[in-house]
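Structure assessment
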Amino acid sequence: MPEQRKSFHQELAEIRDQIVELGALVREFIPRGTDVLLTGDMGGALSLIDADDEIDALTLRIEEQCYSALARQQPMASDMRSIVTAVWLTGELERSGDLMVNVAKAARRIYGATLDPRLRGLIERMSEEASRLISLSLDAYVERDASLGAALGDIDDALDALHGDYIEAIFDAHSGQDLGLQPAVQLALVGRYYERIGDHAVNIGQRVQYMVTGWLPEQTGAARLRARTSFSVVSADEAAARAAGLDGSSAGEPDGSVEGDR
Amino acid sequence: MMVVAAVVLSGTTMVIGTFVIVLAAVAVVMICTRRTRQRIEARLGGSLDRLGIERTDLDADSSLDSLLSRIESAVRQSRSAGEQERRTIGRLQEVLDTLPLAVMVVDATGAILERNIAAGAFIDARHSDALVGALVNELLAESLAGRPAERTLELFGPPRRAVVVITRPLGVTGIRCAVAIIEDVTERRRLEAVRTDFVANISHELKTPIGAIGLLAETLQAEDDPEVADRLARRIQTESYRVGRTIEDLLELSRIEIDETRVADVVEIGSILDEAADRLRPAAEQAEVTIEVFGAELDDALRCDRRQMVSALTNLLDNAIKYSDPRGRIEIRGEVSPQDVVFSVTDHGIGIPARDLDRVFERFYRVDQARSRQTGGTGLGLAIVRHVAVNHAGTVKVESRLGEGSTFTLRLPLSLLGAHEKAAPDSSLQSDPTSDLNSLPKGPQ
């Protein structure tokens, strides 16, 4: 296509379309990787690992376009937030793709192990849940729906609960001598990978909130930190003990903490 | 007197002079008008000729009037031609929109010139469709450079799909553009797989036991030890039973396929449930599985082929028993919902993997080959169930989770209900099979 001067808003739309494409690639990876794991399809594992390069290349391309837009256009306010959000999202999505590559690699490591139906069922369900979360996070992004973005944290609870059941099922299978230690550990990691994808979707939701409203998820954490440090005019020993985690009280671990996934 | 005469004379001269001047002016104007008119005529005639508008017999001369009527008729013609063209374009657009394919035409900059409704799904799309859109753009760029392109995209969805994108350069109009055709080939591929698998499976199911019988018989011939001979004979028996069952099921299946119009019995829903459950009780006891019947008290009358319905439910129960763990529980349920009559069989066994769910109703389809040898099924049970459902204008669906169990649900239309009063003239229904046929919405075959 002939080189032509694009308007800034065209450029923003282009960045958005590419994020949508990246998200679609990553979302495809989830059922694909699950299929590889459940069928022991080594050809599929290899092709998935290779296909990750495509995701990496697209991620780089989007990032570069974002940086160049920032440098050339010096955007303000919501335009600025859109671009910054896009950069963040590439990271979250690319990492989610990598997690599915890890699933494919785990499938190679446990090749030949038989998984009992309960484990397989739970893996299928975690995969569906993770894929649903990524879909919803992208819907929130495209529709600039801050409320959906904010809801993802609670939607993710279902996946966390499944992850809990899954770990229990691994213990059961292992103690029943149906599952060796090595595949059991690999499978536990696989469960973690799905669970992490859910967390990335939650992060995307928060970034969307930021894009739409300017609200920064870190602000609550930062405010807590400020509050903590300003109260820390107590003895230096206590402060040191707290920092070392010897405090014992759970005051340092606020519940319902925001995902600190940097 | 002289003065008066002179005045009168000069007055006459003035009148005459004025008259002459007016006459001359009129002559000049007439000459000029004529010239102008001739020029207009010549010019108009020339342009009409150049535009290729032919003169008709009616306006053969080149007077202004006839020229104007030529223009009129030419405008009328082009208007009706334009109208016709618009109609043709509208019709073609409609045809494009009814296509199950997505079609779009882009110009050299990639801007869309034409597209049908189906193509709309891939514009500003999200998720899997966004990937199709990206591939379409990539292939269109290729075709705008003059090369035809084609690629198949496997999408894991959900739902899992296969999409073929074909692009071709277009150049008839002299303007460089390209067309993209996007086709969803998921269903076609599934049918191909069904066909090839069926041929492979049927030969496996029939040839394996027959081969075994041949070999066993051969060994038996040369065997002296009565104990071994007895064992061999028993194996022959088992294998021949297996072949027998497969053939029986195949015959049953083809009977159901042919017999699709025979819906004659009027049966209480509860009695169908009871009959099916009773038939399978011995097998269930052997497998240490309990069958619970819900809805046995339902006395709503259902117009159906009793044998087929019982056969469908026993097949579902049979499967449920085979894939349940010992001490498992199976529920068979009948109910009348506001929308339809529902039969369902639920087990809490091993379940069916998601990727096999839409294929379990195929003949001889096996989720797990090894296990099916062990359970001794023929692989036709669910195919029979599906045919029974179709014969009764109903549907059958399965929901399953690995490790948690499966639920098969058979739904029949409410129109089959409520022939309780007419229960007695069972024979009248049979005597006029066409009335039966018409009252039933026919399902797709």
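Numbering of residues begins from 1 in every chain and follows the order in which that chain's sequence is written. Here the convention is simple: chains get letters from A, ligands get numbers from 1, in the order in which they are written. Two thresholds apply to this predicted model, a pLDDT of at least 70 for residue-level local features and 80 or more for giving and counting side-chain atom pairs, whereas whole-chain, interface and lining totals are computed over all residues. Here the side-chain values reflect all heavy atoms present in the structure, with hydrogen atoms and water set aside.

1. Focus: the overall build of chain B
Stated precisely, the cut-off is as follows: Helix and strand assignments follow DSSP, with helices taken as H or I runs no shorter than four residues and strands as E runs no shorter than two, numbered in order from the N terminus. Only protein chains enter the accessibility calculation, which uses a 1.4 Å probe; a residue is then buried when its area is under 20% of its type maximum, exposed when over 50%, and partly exposed in between. Here, two residues are considered to be in contact whenever any of their heavy atoms come within 4.5 Å of each other. Accessibility throughout is a Shrake-Rupley quantity obtained with a 1.4 Å probe, and a residue counts as covered only by protein chains that appear here.
Within chain B, the regular secondary structure consists of 11 helices and 12 strands. Every one of the 445 residues in chain B was classed for burial, and the buried ones make up 36%. Contacts in chain B between residues at least 24 apart in sequence constitute 62% of all its contacts with a sequence separation of at least 6. A total accessible area of about 26,000 Å² is found for chain B, and carbon and sulfur atoms account for 58% of it.

2. Quick notes on the packing of helix 7 (residues 306–322) of chain B against helix 9 (residues 381–391) of chain B
Residues and elements named next belong to chain B. This is how the line gets drawn: The axes used here are C-alpha line fits, helices contributing only the stretch in contact, and every angle between their N-to-C directions lies in the interval 0 to 180 degrees. Should the near helix be turned anticlockwise from the far one by less than a right angle, the crossing is termed left-handed; should it be turned clockwise, right-handed. The nonpolar class holds Ala, Val, Leu, Ile, Met, Phe, Trp, Tyr, Cys and Pro. Asp, Glu, Lys and Arg form the charged class, and all remaining residues, Gly among them, are polar.
Look at helix 7 against helix 9: their axes get within 9 Å of each other, and the N-to-C directions meet at 145 degrees. Here helix 7 and helix 9 pass one another in a crossing that is left-handed. Packed against helix 7, whose contacting residues are Gln308, Met309, Ser311, Ala312, Asn315, Leu316 and Asn319, the element helix 9 presents Gly381, Leu382, Ile384, Val385, Val388 and Asn391 at the interface. Residue composition of the contact of helix 7 with helix 9, by class: 7 nonpolar, 6 polar and no charged.

3. Looking at the confidence of the model for chain A
Parts of the model with low pLDDT should not have their predicted coordinates read in detail. Residue and element names in this part refer to chain A. Let me state the cut-off plainly: The score called pLDDT rates the predictor's confidence residue by residue, from a low of 0 to a high of 100.
Scored by pLDDT, chain A has a mean of 84; 84% of the residues are at 70 or more. Confidence, expressed as mean pLDDT per element, reaches its minimum in chain A at helix 9 (residues 236–243) with 52 and its maximum at helix 2 (residues 42–73) with 94. Predicted confidence for residues 245–262 stays below pLDDT 50, and this span has 21 contacts to residues more than four positions away or in other chains.

4. Quick word on the sheet that holds strand 12 (residues 405–413) of chain B
Residues and elements named next belong to chain B. Going by this rule: When DSSP finds two or more bridges between a pair of strands, those strands are recorded as paired.
The 5 strands lie next to each other as 7-9-10-12-11, forming an open sheet whose pairing is mixed. For this open sheet the edge positions go to strand 7 (290–294) and strand 11 (395–401), each flanked by a neighbour on one side alone. For this sheet, the mean inter-axis angle between neighbouring strands, taken without regard to orientation, is 15 degrees. Judged from the 7 bridges that link them, strand 11 and strand 12 form a sheet pairing that is antiparallel.

5. Quick notes on a nonpolar patch on the surface
All names here are of chain A. So the rule is basically this: To count toward a patch, a residue needs a relative accessible area above 30% and no salt bridge. Like charges then connect within 9 Å, nonpolar side chains (Val, Leu, Ile, Met, Phe, Trp, Tyr) within 5 Å. Any Lys or Arg side-chain nitrogen found within 4 Å of a carboxyl oxygen on Asp or Glu counts as a salt bridge.
A contiguous nonpolar surface patch, about 260 Å² in accessible area, is contributed by Leu181, Val185 and Leu189. Inspection of the secondary structure assignment puts Val185 in helix 7 (residues 181–213). Relative accessible area serves as the criterion here: at 43%, Val185 is assigned to the partly exposed category.

6. Points about the pairing of strand 6 (residues 265–268) of chain B
Residue and element names in this part refer to chain B. Burial along strand 6 is one-sided: the face carrying Asp265 and Val267 is buried and the face carrying Val266 and Glu268 is not. Two strands pair when backbone bridges link them, and strand 6 and strand 8 (residues 301–304) are joined in this way by 4 bridges, in the antiparallel orientation. Looking across to strand 8, one finds that Val267 is bridged to Leu302.

7. Side note on helix 1 (residues 8–39) of chain A
Residue and element names in this part refer to chain A. For clarity, the cut-off: Multiplying 1.5 Å by the helix residue count minus one yields the expected span of that helix.
For helix 1, built from 32 residues, the straight-helix expectation of 46 Å at 1.5 Å per residue is met to within 8% by its first-to-last C-alpha distance of 47 Å. Counted residue by residue, helix 1 has 24 buried out of 32 residues, so it is predominantly covered. At the C-terminal side of helix 1, Gly40 shows a positive phi close to 65 degrees.

8. Here's the deal with helix 6 (residues 269–286) of chain B
Residues spaced three or four apart along an α-helix point in a common direction, a consequence of the helix completing one turn every 3.6 residues. All names here are of chain B. Quick reminder of the rule: A residue's bend is the angle separating two fitted axes: one through the seven residues that end there, the other through the seven that start there.
Taking 1.5 Å of rise per residue, 18 residues should cover 26 Å, and helix 6 covers 27 Å from first to last C-alpha, within 8% of that figure. At Leu280, helix 6 shows its maximal kink, close to 45 degrees; a proline, Pro282, follows between one and four residues later. For helix 6, the complete set of buried residues consists of Ile269, Gly270, Ile272, Leu273, Ala276, Ala277, Leu280 and Ala284. In this structure, the buried side of helix 6 is in contact with strand 6, strand 7, strand 8, helix 7, strand 9 (329–336) and strand 10 (340–347). A positive phi of about 55 degrees marks Glu288, the residue just after helix 6.

9. A short note on the pattern of salt bridges
For the structure shown, the criterion picks out 37 salt bridges over all chains. For Asp17 of chain A, the salt bridge identified is with Arg16 of chain A, shortest N-O distance 3.3 Å. In this structure Asp17 of chain A comes out as partly exposed when scored by relative accessible area, which is 37%. By relative accessible area, Arg16 of chain A is classed as partly exposed at 30%. Taking the shortest distance from any N to any O, the salt bridge between Glu128 of chain A and Arg401 of chain B comes out at 2.8 Å. One end of the pair, Glu128 of chain A, is in helix 4 (residues 117–143); the other, Arg401 of chain B, is in strand 11, on a second chain. Given the relative accessible area of 37%, Glu128 of chain A is considered partly exposed. Among the residues examined, Arg401 of chain B registers a relative accessible area of 22% and is labelled partly exposed.

10. Quick look at the side chain of Glu129 of chain A
All names here are of chain A. Put simply, the rule is: Polar contacts, as counted here, are pairs of nitrogen or oxygen atoms within 3.5 Å of one another; within protein the pair requires one atom able to donate a hydrogen and one able to accept it, and residues that are adjacent in sequence qualify only if both atoms are side-chain atoms.
Topologically, Glu129 is positioned in helix 4. In this structure Glu129 comes out as buried when scored by relative accessible area, which is 14%. Within polar-contact distance, the side chain of Glu129 engages the side chain of Arg132 at 2.9 Å.

11. So, the sheet that holds strand 4 (residues 161–170) of chain B
Residue and element names in this part refer to chain B. Spatially, 5 strands are ordered 2-1-5-4-3 in an open sheet, and the strand pairing comes out antiparallel. A strand with exactly one partner marks an edge of an open sheet, and here the two such strands are strand 2 (112–115) and strand 3 (149–155). Strand-to-strand, the axes of this sheet are offset by a mean angle of 20 degrees, without reference to chain direction. For strand 3 and strand 4, the ladder comprises 7 bridges, and the chain directions are antiparallel. By the bridge assignment, Glu154 is partnered in strand 4 with Ala162.

12. What to know about the packing of aromatic side chains
We count it as follows: Each aromatic pair joins two rings of Phe, Tyr and Trp (for Trp, the six-membered one) with centres within 6.5 Å, and gets the label stacked for planes under 30 degrees apart, edge-to-face for over 60, and tilted for any other angle. Note on geometry: a ring has a charge over it if NZ (lysine) or CZ (arginine) is within 6 Å of the ring centre and within 35 degrees of the ring normal.
Within the structure shown, the criterion is met by 2 aromatic pairs over all chains. Between Phe361 of chain B and Phe408 of chain B, the ring centres sit 6.0 Å apart and the planes meet at 85 degrees, which makes this aromatic pair edge-to-face. Here Phe408 of chain B lies in strand 12 and Phe361 of chain B lies in the loop between strand 10 and helix 8 (369–375), a separation of 47 residues in the sequence. Like Phe361 of chain B, the residue Phe408 of chain B is buried in the burial classification. Over the ring of Trp88 of chain A we find Arg207 of chain A; its NZ or CZ atom is 3.6 Å from the centre of that ring.

13. As for unusual backbone geometry
All names here are of chain B. Positioned with a positive phi, Asp124 is a non-glycine residue whose angle comes to about 50 degrees. With respect to the helices and strands, the residue Asp124 is situated in the loop between strand 2 and helix 3 (127–144). Positive phi, normally seen in glycine, also occurs at Glu288, with a value near 55 degrees. Mapped onto the elements of the fold, Glu288 is located in the loop between helix 6 and strand 7. Looking at Glu288, the relative accessible area reads 47%, which means it is partly exposed.

14. What about the interface of chain A and chain B?
Reports often express the size of an interface as the amount of accessible area lost when the parts come together. To be explicit about the condition: Summed over both partners, the accessible area lost on bringing two parts together, with a 1.4 Å probe, is the buried area.
Facing 25 residues of chain A, the contacting portion of chain B comprises 25 residues. Together, the buried faces of chain A and chain B total about 2,200 Å²; carbon and sulfur atoms form 55% of this surface. Along the contact surface separating chain A from chain B lie 5 salt bridges. A salt bridge links Arg160 of chain B to Asp35 of chain A, with the nearest nitrogen and oxygen atoms 3.4 Å apart. There are 11 residue pairs in polar contact (both at pLDDT 80 or more) connecting chain A and chain B.

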